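Understanding the architecture of this molecule
Listed here are the chains, written in short residue letters.
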Protein chains: 2
Amino acid sequence: MKHNTTLKKISSILDISISTVSRALKDHPDISDKTKKKVLELAETLEYEPNTYAINLRTNNSKVFTLIVPNITNFFYDSFISAIEEESRKNGYSLMILQTLDDTETELKNLKLCRLNRVSGVFACISPNTTDVSPFLKLDELDIPVIFFDKVPAYEECNKICVADTQASKLAAEAIIQKGRKKTFALFGNNNLSITKKRVAAFTATFEQHNMSNKLVIDYAMSAEEARNKTLSLLKNKKAADTIFCMSDEILTGVMKALQELHLKIPTEIAVVSISNGDIPKLYYPEITYAETSGYKLGKLAFTRMMACLSGSTFIQELTVESVLIEGGSL
Amino acid sequence: MKHNTTLKKISSILDISISTVSRALKDHPDISDKTKKKVLELAETLEYEPNTYAINLRTNNSKVFTLIVPNITNFFYDSFISAIEEESRKNGYSLMILQTLDDTETELKNLKLCRLNRVSGVFACISPNTTDVSPFLKLDELDIPVIFFDKVPAYEECNKICVADTQASKLAAEAIIQKGRKKTFALFGNNNLSITKKRVAAFTATFEQHNMSNKLVIDYAMSAEEARNKTLSLLKNKKAADTIFCMSDEILTGVMKALQELHLKIPTEIAVVSISNGDIPKLYYPEITYAETSGYKLGKLAFTRMMACLSGSTFIQELTVESVLIEGGSL
DNA sequence: ATGAAAGCGCTAACAA
DNA sequence: TTGTTAGCGCTTTCAT
């Protein structure tokens with residue numbers, strides 16, 4: 001049995017007009033209490049539920065946000081999604097989720113879906129290999145606000161919500177320097193990503209400011225496995241580093257595997273610092289000290305910006321969530 | 001500028017009827033090639049995109065699935081969601097995500113949303129404290145198929161897709177026995193959950209079958225932290241156990257923290273086996289041997305069942321994804 | 001306080 | 001091959 005109670009049905013049973021029923025159900029002041037009561041009661045017993053399809057058509061609005069993300073199975077996006085879902089629900093919106101799986105074609109299809117479904121807004125994290133952001137901007141032209149988060153385009157005229165990459169990197173570097181570590185091995189991810197470039201720049205700059213450049217070695221790894229291997233070969237020479245910095249969870253997991261393999265004591269034999277959402281650093285003992293880049297906080301901020309856009313704020317801006325250093329016992 | 005090209009607009013510009021335009025756009029055989037071409041071209045230049053709201057109203061169907069989950073930030077659900085999203089997208093459906101955050105009231109609201117949005121189907125994982133599943137079954141009455149996964153109700157007449165709890169537990173126990181371990185400490189989660197009860201029962205039964213009950217100690221932990229503490233106090237006596245079994249990722253992370261803290265060598269000083277999706281076991285060195293309960297596979301299976309329901313299969317069943325033992329180096 | 005009627009954009013049965 | 005028409009369920013303006 002499908003939904004089959006409509007305003008029409010109620011109106012015909014009570015022998016009143018459809019519009020009266022509609023108004024009664026909305027507690028419109030024009031309608032008499034007696035009529036309201038009658039209508040409400042019948043609606044209750046017939047389990048009336050308004051047809052959202054019709055309402056959407058009529059109001060030209062669906063109260064649905066879409067979130068586009070390369071992959072759901074990622075500790076950082078996870079918490080971002082969780083925050084967005086929570087806020088959406090609390091504000092009467094539903095959340096649609098689409099993955100791109102790092103495929104540009106899928107990304108395009110997803111954007112088309114956003115247009116077809118005429119969603120109220122889109123939260124988007126562009127996939128690494130996307131260069132043309134115009135399909136995203138097209139949504140803006142259709143009055144569908146787009147809030148870019150995390151992996152944001154270089155293009156100026158758009159809403160971006162980012163982790164404070166520069167600051168997080170600086171925070172981690174300063175913590176290392178302050179502890180008086182002698183030799184830091186800093187491992188970063190894919191150097192084609194702007195996020196990597198920013199983090200490398202801030203990290204090295206901080207060491208330079210303290211005249212410590214000679215105590216820093218930079219390297220890159222494209223995967224956890226590569227991070228593990230680079231750590232293993234580096235530490236064949238025990239003196240090669242007394243501290244390892246990891247740009248991301250992915251790098252951290254690779255590095256930590258290597259350190260467990262070598263049975264090194266943290267932080268006495270080797271110290272570890274990372275930039276992270278926090279989930280992964282807390283898995284180890286001692287817990288890893290990290291500069292926090294909270295997906296959850298980022299989500300909350302992105303949502304706030306979305307609501308501002310919907311209430312007419314066309315002021316375009318790049319917002320940033322400040323990072324804080326969370327002390328584990330690894331440094 | 002909102003979407004503003006409609007069939008009506010195209011029809012009035014070309015001075016033909018709306019239905020001709022509609023049919024031309026759908027490549028209906030009745031329409032002449034000349035007309036089709038005209039219509040297609042104009043639609044293209046005006047960037048016509050059909051109004052999904054109207055189509056939904058007309059067809060009484062929105063091609064949207066909803067997924068209800070206690071919390072997105074969970075390694076297992078993560079991969080389940082990812083699988084469902086992927087399949088949905090490939091099959092022309094969109095996926096709406098709702099969290100319950102283990103709150104029964106929120107769960108109820110979410111179910112109402114499913115009804116209001118008249119979604120095509122619902123994938124649901126009930127929250128631990130839910131006892132009354134009738135609101136879920138009400139969806140079925142509205143011809144909205146509900147596929148329960150992971151945490152499923154005891155109620156018989158519904159579609160359930162589950163991990164092979166019994167078999168996974170047995171697999172892990174057998175692996176331990178086969179390796180000739182002398183003393184196993186088996187740590188389980190919340191014993192109020194049916195999933196825990198099943199796993200405990202199968203685990204102990206397997207030991208009994210091999211007349212090894214005296215080599216097994218069972219305990220429970222409600223959190224990773226508790227698992228860590230129990231492991232720490234257990235291993236004060238080094239002879240207390242030579243093997244630890246962890247029922248879940250949560251337990252595993254707590255146990256592993258304790259083992260790192262004690263600097264125990266795995267598997268020589270202590271062996272570890274768990275039941276998991278796989279993400280967490282792969283973070284350690286050596287990687288943890290585990291009985292795999294794949295969220296991804298579960299998702300694929302759930303989706304298949306959903307499509308069967310939509311094409312009229314009312315045959316209600318409980319499906320199970322077989323578990324396999326993935327060897328790490330921890331046993 | 002209530003009703004009549006138009007219309008949101010689309011589909012499809014029926015007519016021509 | 002094309003057009004006419006009714007209708008999906010609801011909101012809302014304008015009348016009464």
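Residues numbered from 1 in each chain as written. Chains lettered and ligands numbered in written order. Predicted model: local features only at pLDDT ≥ 70, side-chain atom pairs only at ≥ 80, totals over all residues. Heavy atoms only, no water.

1. A closer look at the overall build of chain A
- Broken down by element type, chain A carries 12 helices and 12 strands.
- For chain A, the C-alpha radius of gyration of 26 Å lies well beyond 20 Å, the compact-globule estimate for 331 residues.
- Classification of the 331 residues of chain A by burial places 54% in the buried group.
- Of the roughly 14500 Å² that chain A leaves accessible, carbon and sulfur atoms contribute 52%.
- For chain A, the distance from the average site of its 40 positive side-chain charges to the average site of its 40 negative ones is 1 Å. (Helix = DSSP H or I, 4+ residues; strand = E, 2+ residues; numbered from the N terminus. Rg over C-alpha atoms; globule rule 2.2 N^0.38 Å. Buried < 20%, exposed > 50% of the residue type's maximum accessible area, 1.4 Å probe, protein only. Areas by Shrake-Rupley, 256 points an atom, 1.4 Å probe, with all protein chains shown as cover. Lys, Arg positive; Asp, Glu negative; His and termini not counted. Charge placed at Lys NZ, Arg CZ, Asp CG, Glu CD.)

2. Describing the protein's contact with DNA strand D
- Close to DNA strand D lie 25 residues; K26(A), Y48(A), R58(A), S19(B) and T20(B) are nearest.
- The side chain of T20(B) places a nitrogen or oxygen atom 2.6 Å from a phosphate oxygen of DNA strand D.
- For DNA strand D, a phosphate oxygen lies 2.9 Å from a polar atom in the backbone of S32(B).
- Elements represented by at least two residues in the surface near DNA strand D include exactly α1 (7-14), α2 (18-25) and α4 (52-59) of chain A together with α2 (18-25) and α4 (52-59) of chain B.
- For the surface near DNA strand D, the leading source of residues is α2(A), giving four residues. (Near = heavy atom within 4 Å. Polar contact = N/O pair within 3.5 Å; in protein donor to acceptor, adjacent residues only side chain to side chain.)

3. Re the UniProt feature "domain: HTH lacI-type" (unreviewed entry) in chain A
- Here the UniProt-annotated "domain: HTH lacI-type" (unreviewed entry) positions come out as residues 5-59 of chain A.
- Helix makes up 67% of residues 5-59 of chain A and strand 0%, whereas the separation of the span's terminal C-alpha atoms amounts to 21 Å. (UniProt positions renumbered as here; feature names shortened; annotations may be inferred.)

4. Focus on the interface of chain A and chain B
- Listed by partner, the interface residues are 60 residues for chain A and 60 residues for chain B.
- Roughly 5900 Å² is buried in total at the junction of chain A and chain B, and carbon and sulfur atoms are behind 56% of that figure.
- Sorting the residues of chain A by area buried against chain B places Y53(A), R118(A) and Y285(A) first, and these three jointly supply 15% of that buried surface.
- Between chain A and chain B we count six salt bridges in total.
- Notably, a salt bridge pairs E287(A) with K257(B), separated by 2.4 Å at the nearest N-O pair.
- Looking at the side of chain A that touches chain B, the elements with two or more residues in it are α4, α5 (75-90), β2 (94-99), α6 (104-116), α7 (134-141) and α11 (249-261) of chain A.
- Among the elements that make up the side of chain A that touches chain B, the one with the highest residue count is α5(A) (eight residues). (Contact = heavy atoms within 4.5 Å. Buried area = accessible area lost by both parts, 1.4 Å probe. Salt bridge = Lys/Arg side-chain N within 4 Å of Asp/Glu carboxyl O.)

5. Regarding the sheet that holds strand β10 (residues 289-292) of chain B
All names here are of chain B.
- With mixed pairing, the six strands of this open sheet are ordered in space as β7-β6-β8-β9-β10-β12. The open sheet has two free edges, formed respectively by β7 (216-220) and β12 (324-326), since each of these has just one partner strand. Strand after strand, the sheet turns through a mean of 20° between neighbouring axes, direction not considered.
- When strand β6 (residues 184-188) meets strand β8 (residues 243-246), the two strands line up parallel, connected through four bridges. Considered in β8, the bridge of L187 is made with C246. (Pairing = 2+ DSSP bridges. Axes fitted to C-alpha atoms, helices over the stretch in contact; angles between N-to-C directions.)

6. Thoughts on the packing of helix α6 (residues 104-116) of chain B against helix α7 (residues 134-141) of chain B
All names here are of chain B.
- Where α6 contacts α7, the two axes come as close as 10 Å, and the packing angle between them is 5°. When the axis of α6 is compared with that of α7, the two are roughly parallel. Where α6 approaches α7, its residues E107, L108, L111, C114 and R115 are matched on the opposing element by P135, F136, K138 and L139.
- Of the residues in the contact of α6 with α7, the class split is six nonpolar, no polar and three charged. (Parallel < 35°, antiparallel > 145°, perpendicular 65-115°, else oblique. Nonpolar A, V, L, I, M, F, W, Y, C, P; charged D, E, K, R; others polar.)

7. A look at the relation of the copies chain A and chain B
- Take chain A, turn it by 180°, move it 0.0 Å along the axis, and it overlays chain B with an RMSD of 0.1 Å. On the angle and the small slide along the axis, the relation comes out as a two-fold axis. Ranked by how close their C-alpha atoms come to the rotation axis, the residues of chain A are headed by M96(A), at 2.1 Å. (Least-squares fit on C-alpha atoms with pLDDT ≥ 70 in both.)

8. A few points about the protein's contact with DNA strand C
- What surrounds DNA strand C is a group of 26 residues, the closest being T20(A), R23(A), K26(B), Y48(B) and R58(B).
- Per the 4 Å cut-off to the protein, sugar and phosphate atoms form 65% of the nearby atoms of DNA strand C.
- Contacts to DNA strand C include D30(A), whose backbone N or O atom sits 3.1 Å from a sugar or linking oxygen.
- Within the contact set of DNA strand C, a phosphate oxygen lies 2.7 Å away from a backbone nitrogen or oxygen of L7(B).
- A per-element tally of the surface near DNA strand C places α2(B) first, with four residues.
- Along the lines of polarity and charge, the residues of the surface near DNA strand C split into 10 nonpolar, nine polar and seven charged.

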